[in-house]
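# Coordinate analysis (summary)
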Amino acid sequence: MNKNLTRQAGAARPLDGVTVISLEHAIAAPFCTRQLADMGARVIKVERPGVGDFARKYDERVKGLASHFVWTNRSKESLTLNLKHPDAADILDQLLAQADVLVQNLAPGAAARLGLSFEALQEKNPRLIVCDISGYGEGGPYQDKKAYDLLIQSESGFLSVTGDPQSPAKAGCSISDIAAGMYAYSSILSALLLRERTGKGSRIDVSMLESTVEWMSFPLYYAFEGAAPPPRAGASHATIYPYGPFPVGDGSEVMLGLQNEREWAAFCTTVLQQSELAHDERFNSNSQRVANKETLRVLIVTAFASLSRKQLIERLEAAGIANASVNTMQDVWDHPQLAARKRWRTVDSSVGPLPAMIPPATNSAFQARMDKIPALGEHSSSLLTELGYTEQQIQAFTKEGVI
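Within each chain, residues carry numbers counting from 1 in the order of the written sequence. In keeping with the model being predicted, local features are shown solely for residues with a pLDDT of at least 70 and side-chain atom pairs are shown and tallied solely at 80 or more, while totals for entire chains, interfaces and linings include all residues. Hydrogens and waters are ignored; side-chain quantities use all the structure's heavy atoms.

### Structural notes on the packing of aromatic side chains
Applicable threshold: Any two rings among Phe, Tyr and Trp, with Trp reduced to its six-membered ring, count as a pair given centres within 6.5 Å; such a pair is stacked if its planes are under 30 degrees apart, edge-to-face if over 60, and tilted if neither. Secondary structure follows DSSP: runs of H or I at least 4 residues long count as helices, runs of E at least 2 residues long count as strands, and numbering of each begins at the N terminus. Only protein chains enter the accessibility calculation, which uses a 1.4 Å probe; a residue is then buried when its area is under 20% of its type maximum, exposed when over 50%, and partly exposed in between. Only Lys NZ and Arg CZ are tested; either one counts as a charge over a ring when it is within 6 Å of the ring centre and within 35 degrees of the ring normal.
Applying the stated criterion to the full structure yields 12 aromatic pairs. With a centroid separation of 6.2 Å and 85 degrees between ring planes, the pair formed by Phe-246 and Phe-304 is classed as edge-to-face. In this pair, Phe-246 sits in strand E9 (residues 243-247) while Phe-304 sits in helix H12 (residues 293-304), placing the two residues 58 residues apart along the sequence. Overall, the relative accessible area of 1% leaves Phe-246 in the buried class. Residue Phe-304 is classed as buried on the basis of its relative accessible area of 0%. Counting every residue linked through ring pairs, the aromatic cluster contains Tyr-241, Phe-246, Trp-264, Phe-267, Phe-283 and Phe-304. Sitting over the ring of Tyr-142, Lys-145 keeps its end group 5.6 Å from the ring centre.

See below:
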């Protein structure tokens, strides 16, 4: 390994000493705060007693734990707290008095009704950063509208350009939640930097709709001033051809993509072994290849029918044509590149050790934090003890349903 890229075990992380309180559920806020925890932040996840984050019950695919929850909740402390109980307010006040960041994605208006608006909290803790994540953001006619990932994929226009010509299709992962979580994460980092300059906290308003529409900017501009939008093209590129999956003679598929005329000529000569196609007027520019893609697809599929996936990839590599295998989930677990780069670690959980991928952006100065996935309320007693509550008080809180 390159000596300059060796990460320091035990070295300081950028968010060491930062405390985050999160009133979170589902994906957007938990994904945001898990990344803060990766960078060293102490994340205290406040959950409903007996129920917790409802993502805990989405499925039981990971040795009884939910796949979404395992992904987004390592390295956190779980505190069960009934926010509607009068005694909970004092506990939450004490936590927030010592916190640097509050993240919440409760139902629209719920945080404000609990006295957790930025304006109310800033009076008590002027250095506190408050990040509110919602479907549509504060203000506007959609402010109080319920929002789930698939609904935002639809509202943002994503579904209109995704799928095949006959029907739209959703993304196979929660892209709107992920987009909002990423913008919340990066915005909190920016707010922490700003606080270093000003000494004051700030409020961050993250909308799932706006986060996804930002990602839709290419099709938006492509359809500028009423122009036709990109057509739904399945797994193929909507406006470049050939660019997408093609069947191979051994029954598998290979994904490939061409970006320019030099690559087209190499593709014809080395991959198809039909060099005359490079100058065929039907295919001598990308716009012509798109216009005649059905004819071209027949030629390509016919040429590939006598090849195995291995043989085709060898030709594509020789021609300098970008390509990829159409992998299953098991293929990704077993991916040789991830294995060679040692991208998997083991994290603890209530059901034992589980694999987890190292955060994608690695830093030469430190290792990302990858600690246990918490059981519901696992840290309630220790956190209350830390705040100064006695064992008798904690037992009373449990009996009364406060925690």
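There is more to say after this.
### A word on the confidence of the model for the protein chain
Test applied: How sure the predictor is of each residue is captured by pLDDT, a score from 0 to 100. We call two residues in contact whenever any of their non-hydrogen atoms come within 4.5 Å of each other.
This prediction gives the protein chain a mean pLDDT of 94; 98% of its residues lie at or above 70. Counted against residues more than four places away or in other chains, residues 1-7, with its pLDDT under 50, gives 11 contacts.

### Here we look at unusual backbone geometry
Where the residue is not glycine, phi is negative for most of them; where a peptide bond is considered, it is trans in most cases. Residue Pro-242 is bonded to the preceding Tyr-241 through a cis peptide linkage, with omega at -5 degrees. Along the chain, the position of Pro-242 falls in the loop between helix H9 (217-222) and E9. In the Ramachandran plot, Lys-63 falls in the positive-phi region, its phi being about 55 degrees despite a non-glycine side chain. As for its position among the elements, Lys-63 is in the loop between strand E2 (42-47) and helix H2 (67-72).

### Concerning the state of the cysteines
Put simply, the test is: Whenever a pair of cysteine sulfur atoms sits within 2.5 Å, that pair is classed as a disulfide.
Summed over the entire model, instances satisfying the criterion amount to zero disulfides. Cysteine Cys-131 remains unbridged, with the sulfur of Cys-32 as its closest cysteine sulfur at 5.4 Å. No disulfide involves Cys-173; its nearest neighbouring cysteine sulfur is the one of Cys-32, lying 17 Å away. In this structure Cys-173 comes out as partly exposed when scored by relative accessible area, which is 40%.

### Focus: the sheet that holds strand E1 (residues 19-23)
Rules: Each pair of strands is called paired provided DSSP finds at least two bridges between the two strands. Note on geometry: axes are C-alpha line fits, over the in-contact stretch for helices, and angles between N-to-C directions span 0 to 180 degrees.
Here we have six strands laid out as an open sheet, ordered E3-E2-E1-E4-E5-E8, and parallel in their pairing. Either end of the sheet is taken by a strand with one partner, and the two such strands are strand E3 (76-80) and strand E8 (203-207). Between one strand and the next, the sheet's axes are offset by a mean angle of 20 degrees, whatever the strand orientation. Across four bridges, the pairing between E1 and strand E4 (residues 101-104) is parallel. The partner of Ser-22 across the bridge, within E4, is Val-103.

### Some points on the sheet that holds strand E11 (residues 322-325)
Whether parallel or antiparallel, the strands of a sheet pair through hydrogen bonds between backbone atoms. Across the sheet, three strands lie side by side as E9-E10-E11; this open sheet has antiparallel pairing. At either margin of the open sheet sits one strand with a lone partner, and together these are E9 and E11. Neighbour-to-neighbour, the strand axes of this sheet turn through a mean angle of 25 degrees, independent of strand direction.

### Description of the nonpolar core
Spelled out, the test is: Throughout, nonpolar core names a set of buried Ala, Val, Leu, Ile, Met, Phe, Trp, Tyr and Cys residues whose side chains join them through atoms within 4.5 Å.
Ranked by size, the top nonpolar core spans 30 residues in total, and within it Val-20, Leu-36, Val-103, Cys-131, Ile-133 and Ile-188 carry the most contacts. Secondary structure elements with two or more residues in this core: helix H1 (28-38), E4, strand E5 (129-134), helix H7 (175-198) and E8. Broken down by element, the residue count for this core peaks at six residues, all from H7. Contact partners of Val-103, with chain neighbours within four places excluded, come to Val-20, Ile-21, Ser-22, Leu-23, Ala-29, Thr-33, Cys-131, Ile-133 and Ile-188. By size, the runner-up hydrophobic cluster in this structure holds 27 residues, among which are Ala-99, Leu-102, Leu-121 and Ile-394.

### Quick word on the pattern of salt bridges
Inclusion rule: Salt bridges are defined as contacts in which a side-chain nitrogen from Lys or Arg sits within 4 Å of a carboxyl oxygen from Asp or Glu.
Considering all chains together, one arrives at 18 salt bridges under this definition. Residue Glu-24 is joined to Lys-45 by a salt bridge in which the shortest nitrogen-to-oxygen separation is 2.6 Å. Taken as a pair, Glu-24 in the loop between E1 and H1 and Lys-45 in strand E2 lie far apart in primary sequence, 21 residues in all. Lys-45 shares its class with Glu-24; the two are buried. A salt bridge links Lys-45 to Asp-53, with the shortest nitrogen-to-oxygen separation between them at 2.9 Å. One exposure class covers both Lys-45 and Asp-53, and it is buried. In the salt-bridge network here, residues are joined through shared partners; they are Glu-24, Lys-45, Asp-53 and Lys-76.

### Describing the environment of Leu-296
Here Leu-296 shows up in helix H12. Filtering out sequence-adjacent residues up to four positions away, Leu-296 remains in contact with Tyr-241, Pro-242, Trp-264, Phe-283 and Arg-289.

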